[in-house]
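Fold and contact review
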Amino acid sequence: MPYVMVQIPKTPAHASPASRSVPTSADVARLAGVSRATVSYVLNNTSAVRISEPTRRRVREAAKELGYVPHAAARSLRAGHSRMVLMPAPSFPVGPLYSRFISELQWALGRLDYTVVQYGSVGEYGDEAARAWAELRPVAVLVPGAGPLGPQGVTVLKRSGARAVVTLGAESVDGAHALLMDHEAVGHCAASHLFDRGRRRIGVVVPEEDGLESFSLPRLEGVRQALQGTDATVTELPLAYEEECATRLAARWRDLDLDAVFAYNDEYAMLLMRALQDAGLTVPEDVAVMGADDLMLGRLLRPRLSTVHIELPSGRDLAELVDRAVRNPGAAPETHKVLGATVIHRDSS
């Protein structure tokens, strides 16, 4: 077999992507014909300095052409703090309602020139996790559910430069701003509605999934408080979010002798209602079913699902609280009670 030798030309050094120099603000300034200070003002959205729109457009186009982006660490050094808002990933399954809230919050913080970073960690909780968060030097930390985070964790975060620590949960933590979410009110609303509809043997679904206890147990307690002193009974119903588990629960429903169920939220309510119907029970004649969250899917069911509409805190209001705390870190922590609950009566109850 004949062999052919081919000479491969050397790639010029300047053509290698790895060898190209990283564009700087000075490069952008030269291309746009402005000063480096002007580049900084434009790309950092500084409103204190008046710059014409044509100049702003020229700087942005130059930065885009060169592939230049501002250096976050350098900007933090100049400002004395970062613009990063850290959100630890929640340890509980996130539903559609919470996802919408997070999206609104991220949009609102972005409008205020903050960068939201979601932080996922495995095996780290509370004060231990706070030390890991602090390593990233965020200007603010939003903790979804205070969990075991204590005053020591808040102190660690503040000493590392965090100007605001905000918790969203049932209890406040010393040194942190708090949005108190009253999940007992959700259970109270559901139980009061079922009682007023003539139901006296009420089951309450308690999800078996890890991380939901801080929501489910207060809702169960709200049901008990609403029915305290009445002739109604409350039966706790552990349930995993699996079709087989719902089928097993529905199969013994007649033995449980329950005429109503508050199923924790709409997703569990839909799961259980289908299993009850498959077991030959009619809704609401044999059993009234109540959810929470007021999801669109609940309105598409037949019968339509009765639910508790939950009003989460406004993402815009929370973003403004973060910005207020960052600008005035010495102010006393704010505490706000949020999470409005309203019954939406439909066919299933």
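Residues numbered from 1 in each chain as written. Predicted model: local features only at pLDDT ≥ 70, side-chain atom pairs only at ≥ 80, totals over all residues. Heavy atoms only, no water.

With respect to the overall build of the protein
Put simply, the test is: The numbering of helices and of strands both runs from the N terminus, where a helix is a DSSP run of H or I of at least 4 residues and a strand a run of E of at least 2. Contacts are residue-level and defined by heavy atoms, with any inter-residue pair within 4.5 Å sufficient. Every accessible area reported is derived by Shrake-Rupley at a probe size of 1.4 Å, with residue values counting cover from the shown protein chains alone.
Scanning the protein for helices and strands turns up 14 helices and 12 strands. For the protein, contacts bridging at least 24 residues in sequence account for 72% of all contacts bridging at least 6. Accessible surface, the protein as shown: approximately 18,800 Å² in total, 52% of it carbon and sulfur.

Here's the deal with the side chain of Arg346
Selection rule: Only protein chains enter the area calculation, which uses a 1.4 Å probe; residues under 20% of their type maximum are buried, those over 50% are exposed, and those in between are partly exposed. Polar contacts, as used here, are pairs of N or O atoms within 3.5 Å; protein pairs need one atom able to donate a hydrogen and one able to accept it. Residues neighboring in sequence count only if both atoms are side-chain atoms.
The residue Arg346 is located in the segment after β12 (340-344) in this model. Overall, the relative accessible area of 16% leaves Arg346 in the buried class. A polar contact of 2.9 Å, which involves the side chain of Arg346, links it to the side chain of Asp294. In contact with Arg346, not counting residues within four places along its chain, are Asp294, Arg299, Arg304, Leu305, Ser306 and Thr307.

Observations regarding the packing of aromatic side chains
Filter applied, for reference: Between 30 and 60 degrees the pair is tilted, below 30 it is stacked and above 60 it is edge-to-face, where a pair is any two Phe, Tyr or Trp rings, Trp via its six-membered ring, whose centres lie within 6.5 Å.
Scanning the model with the defined rule gives 2 aromatic pairs in all. Aromatic side chains Tyr241 and Tyr268 sit 5.0 Å apart centroid to centroid with 65° between the ring planes, which places their arrangement in the edge-to-face category. Taken together, the residues Tyr241 in the loop between β7 (233-239) and α10 (243-251) and Tyr268 in helix α12 (residues 266-278) connect sequence positions 27 residues apart. Judged by relative accessible area, Tyr268 falls into the buried class, the value being 5%. Taken together, Tyr241, Tyr264 and Tyr268 form an aromatic cluster joined through their ring pairs.

Some details on the confidence of the model for the protein
Using the following cut-off: How sure the predictor is of each residue is captured by pLDDT, a score from 0 to 100.
Across the protein, the average pLDDT comes to 85, with 86% of residues at 70 or higher. In the predicted structure, residues 1-8 sits below a pLDDT of 50 and forms 0 contacts with residues beyond four places in sequence or in another chain. Below pLDDT 50 for its whole length, residues 13-19 participates in 4 contacts with residues either more than four positions away or in separate chains.

Digging into the nonpolar core
The criterion, for reference: Residues belong to a common nonpolar core when they are buried Ala, Val, Leu, Ile, Met, Phe, Trp, Tyr or Cys residues joined through side-chain atoms within 4.5 Å.
Among the nonpolar cores identified, the biggest contains 46 residues, and Val85, Leu109, Leu142, Phe262, Leu318 and Val322 are the most heavily contacted of them. Per element, the largest residue contribution to this core is 7 residues, and it comes from helix α5 (residues 96-111). Non-local contacts of Val322, meaning those with residues more than four positions away in its chain, are made with Val85, Leu109, Ala140, Leu142 and Val166.

Looking at the sheet that holds strand β8 (residues 260-262)
Put simply, the test is: Pairing between strands is defined by DSSP: at least two bridges between the two strands are required. A fitted line through C-alpha atoms represents every axis, and for helices the fit uses only the stretch in contact; the resulting angles, taken between N-to-C directions, go from 0 to 180 degrees.
Pairing in this open sheet of 4 strands is parallel, and the strands run β7-β6-β8-β9 from one edge to the other. Only two strands of the sheet have a single neighbouring strand rather than two, namely β7 and β9 (288-290). Geometrically, the sheet is characterised by an average inter-axis angle of 20° between neighbouring strands, direction not taken into account. Summarising the sheet, strand β6 (residues 201-207) and β8 pair through 3 bridges and their orientation is parallel.

Remarks on the sheet that holds strand β4 (residues 164-169)
Spatial strand order, β2-β1-β3-β4-β5-β11: 6 strands in an open sheet with parallel pairing. Looking at the sheet topology across the chains shown, the edges are occupied by β2 (115-119) and β11 (335-338). Sheet twist, expressed as the mean angle between neighbouring strand axes with direction ignored, is 15°.

Concerning the pattern of salt bridges
The following threshold applies: Any Lys or Arg side-chain nitrogen found within 4 Å of a carboxyl oxygen on Asp or Glu counts as a salt bridge.
Taken as a whole and assessed by the stated rule, the structure comprises 12 salt bridges. Across the salt bridge formed by Arg30 and Asp27, the nearest N and O atoms sit 2.4 Å from each other. Residue Arg30 and its partner Asp27 are located together in helix α1 (residues 25-32), separated by 3 residues, close to a single helical turn. The exposure class of Arg30 is exposed, given its relative accessible area of 61%. The partner of Asp323 in a salt bridge is Arg327, and the shortest N-O contact between them spans 3.0 Å. With Asp323 and Arg327 both in helix α14 (residues 315-327), this residue pair falls 4 residues apart, about one helical turn. You can call Arg327 exposed: its relative accessible area is 59%. Through salt bridges that share partners, Arg201, Asp257 and Asp259 make up one connected network.

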